[in-house]
Amino acid sequence: KEVETIDGRYYYVRIMPYRTLDDRIDGIVITFTDITAAKLAEESLKMENQYRRLFESAKDGILILDFETGKIMDVNPFLVGMLGYSHEQLIEKSIWEIGSLKDIVTNKDKFSELQKKEFIRYENLPLETAKGRKINVEFVSNVYLVNNKKVIQCIIRDITDRVFIQEALVNAETRYKYLFESVKDGIIFVDGETGKINAINPFFTDLIGGTKENFIGKEVWSVEFLKEIIINKSTFTELSQKKSFHSIFKEIETNHNKKINIEFISTVYFIGNQKNIQFFIHEIPV
């Protein structure tokens, strides 16, 4: 059987009976055959096969560059498909000769930055594929040794969808913020479990009087002008069980000592598992 010694060598151990001339067993013979080189070659081949499977099946683009020259030594199928070049068009080319990659490594001087730092990450780079399609990528490069020779591995991840979603989110937040701050109704956002106010719009403070700090963090039933609508915590709990509530109350007194008629609308909604309530306070002209 195979055994490994504490110094990392491998031996094939064989145990056989020792027979005398008259064929009697008079002991055993143990032989040790050093198979370290063969074992390491086997392990190396196994690791190489695992690496190739990962390299070929990875859903990120991978480039392997010669550390000294910047020439492409290997490229995986995913990057070939991403950039639209053939494998042959990429192999043995300097990275800065590939049109799609010129924004990352524009020339040999720029390549020296990869050599010196040995790790570089760019979060969001615009690239253009061989067919002219615009994509956004995340680029990460690092240096490692292969048989005592440095190589540079570059991971190129298409983040176009992520960038699109982020931009859409920013646009939606901008539109929401503009609407929230410019709408001519008072708006209150309340935690659906605790009843605490977590946001109010500027029109609300103008209508009722006071500052934002007078309301944020307060339970809605403790706000003076709402007490006729939400008398106490029990009233709030009952209200929070309804999907929506609509009512008109007259002569609510504001902090300006002004009595106004308001239309009060509440809507329950969820963000994940978090229950929230949105109140609209609309002044009804007399």
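Please refer to the structure placed before this passage.
Report on the accompanying structure. (Residues numbered from 1 in each chain as written. Predicted model: local features only at pLDDT ≥ 70, side-chain atom pairs only at ≥ 80, totals over all residues. Heavy atoms only, no water.)

1. Comments concerning the sheet that holds strand β9 (residues 186-191)
At step 1: Within the open sheet, the five strands sit side by side as β10-β9-β13-β12-β11. Their pairing is antiparallel. A single partner strand is all that each edge strand has here, and the edge strands are β10 (197-200) and β11 (244-253). Across the sheet, the mean angle from the axis of one strand to that of its neighbour is 25°, orientation sign disregarded.
At step 2: Pairing between strand β12 (residues 259-271) and strand β13 (residues 274-284): eleven bridges, direction antiparallel. Its bridge partner lying in β13, Thr267 is registered against Gln278.
At step 3: Across the face of the sheet, helix α7 (residues 233-240) comes into contact with β9, β11, β12 and β13 while running at roughly 100° to β13. (Pairing = 2+ DSSP bridges. Helix = DSSP H or I, 4+ residues; strand = E, 2+ residues; numbered from the N terminus. Axes fitted to C-alpha atoms, helices over the stretch in contact; angles between N-to-C directions. Contact = heavy atoms within 4.5 Å.)

2. Topic: the pairing of strand β7 (residues 134-146)
At step 1: In terms of strand pairing, strand β6 (residues 119-128) meets β7 through eight bridges, oriented antiparallel. Paired with Tyr122 across the two strands is Phe139, which belongs to β7.
At step 2: Judged from the ten bridges that link them, β7 and strand β8 (residues 149-158) form a sheet pairing that is antiparallel. When the bridges of β8 are listed, Val143 appears paired with Ile152.
At step 3: Where β7 folds back onto β8 in an antiparallel hairpin, the turn is made up of two residues, including Asn147, whose phi is positive at roughly 55°.

3. A closer look at a nonpolar patch on the surface
At step 1: A grouping of Ile15, Ile28, Ile30 and Phe32 is seen on the molecular surface, where their side chains present a nonpolar patch of about 450 Å² in accessible area.
At step 2: Of all the elements, strand β3 (residues 25-34) adds the most residues to the nonpolar patch, at three residues.
At step 3: In this fold, Ile30 is placed in strand β3.
At step 4: A relative accessible area of 42% places Ile30 in the partly exposed class. (Patch = residues over 30% accessible without salt bridge, like charges linked within 9 Å, V, L, I, M, F, W, Y side chains within 5 Å. Areas by Shrake-Rupley, 256 points an atom, 1.4 Å probe, with all protein chains shown as cover. Salt bridge = Lys/Arg side-chain N within 4 Å of Asp/Glu carboxyl O. Buried < 20%, exposed > 50% of the residue type's maximum accessible area, 1.4 Å probe, protein only.)

4. Quick notes on the pattern of salt bridges
At step 1: Scanning the entire structure with this criterion turns up ten salt bridges.
At step 2: Of the charged contacts in the structure, one is a salt bridge between Arg157 and Glu138, with a shortest N-O distance of 3.9 Å. Taken together, the residues span a long stretch of sequence, with Arg157 in strand β8 and Glu138 in strand β7 at a distance of 19 residues.
At step 3: By relative accessible area, which is 35% here, Arg157 ends up partly exposed.
At step 4: Overall, Glu138 belongs to the buried group, its relative accessible area being 7%.
At step 5: Between Arg162 and Glu138 there is a salt bridge, with its nearest N and O atoms 3.9 Å apart.

5. Re the sheet that holds β3
At step 1: Read across the sheet, three strands follow the order β1-β2-β3 without closing on themselves; strand pairing throughout is antiparallel. A single partner strand is all that each edge strand has here, and the edge strands are β1 (2-4) and β3. Neighbour-to-neighbour, the strand axes of this sheet turn through a mean angle of 35°, independent of strand direction.
At step 2: As paired strands, strand β2 (residues 10-19) and β3 are joined by eight bridges and run antiparallel to one another. From the neighbouring strand, Val13 faces β3, where its bridge partner is Phe32.

6. Focus: the nonpolar core
Taken as a class, soluble globular proteins show a tendency for nonpolar side chains to be buried jointly.
At step 1: Leu63, Leu65, Leu101, Phe139, Ile152 and Ile156 are the most contacted members of the largest nonpolar core, which has 29 residues in total.
At step 2: Broken down by secondary-structure element, the contributors of at least two residues to this core are β4 (61-66), β5 (72-75), α2 (77-83), α4 (108-117), β6, β7 and β8.
At step 3: Among residues more than four places away in sequence, those in contact with Ile156 are Asp60, Gly61, Leu63, Leu79, Met82, Leu101, Val137, Glu138 and Phe139.
At step 4: The next biggest cluster of nonpolar side chains, apart from the first, holds 26 residues, and it includes Phe236, Ile260, Phe264 and Phe279. (Core = buried A, V, L, I, M, F, W, Y, C linked by side-chain atoms within 4.5 Å.)

7. Section: the environment of Ile197
At step 1: The topology assignment puts Ile197 in strand β10.
At step 2: Spatially, the C-alpha atom of Ile197 lies 6.2 Å from that of Glu219, the residues being 22 residues apart in sequence.
At step 3: Residues in contact with Ile197, not counting those within four places in the same chain, are Ile188, Phe189, Val190, Phe215, Ile216, Gly217, Lys218, Val220 and Val223.

8. Description of α4
Along an α-helix, residues three or four positions apart point the same way, because every turn accommodates 3.6 residues.
At step 1: Taken together, the buried positions of α4 are Phe111, Leu114 and Gln115. Burial along α4 is one-sided: seen end-on, the buried residues are contained in an arc of 100°. In α4, the exposed positions that point more than 90 degrees away from the buried face belong to Asp109, Lys116 and Lys117.
At step 2: Residues of α4 that are buried make contact with β4, β6, β7 and β8.
At step 3: In the segment just after α4, Glu118 is the residue with positive phi, at about 65°. (Arc of directions from axis to C-beta.)

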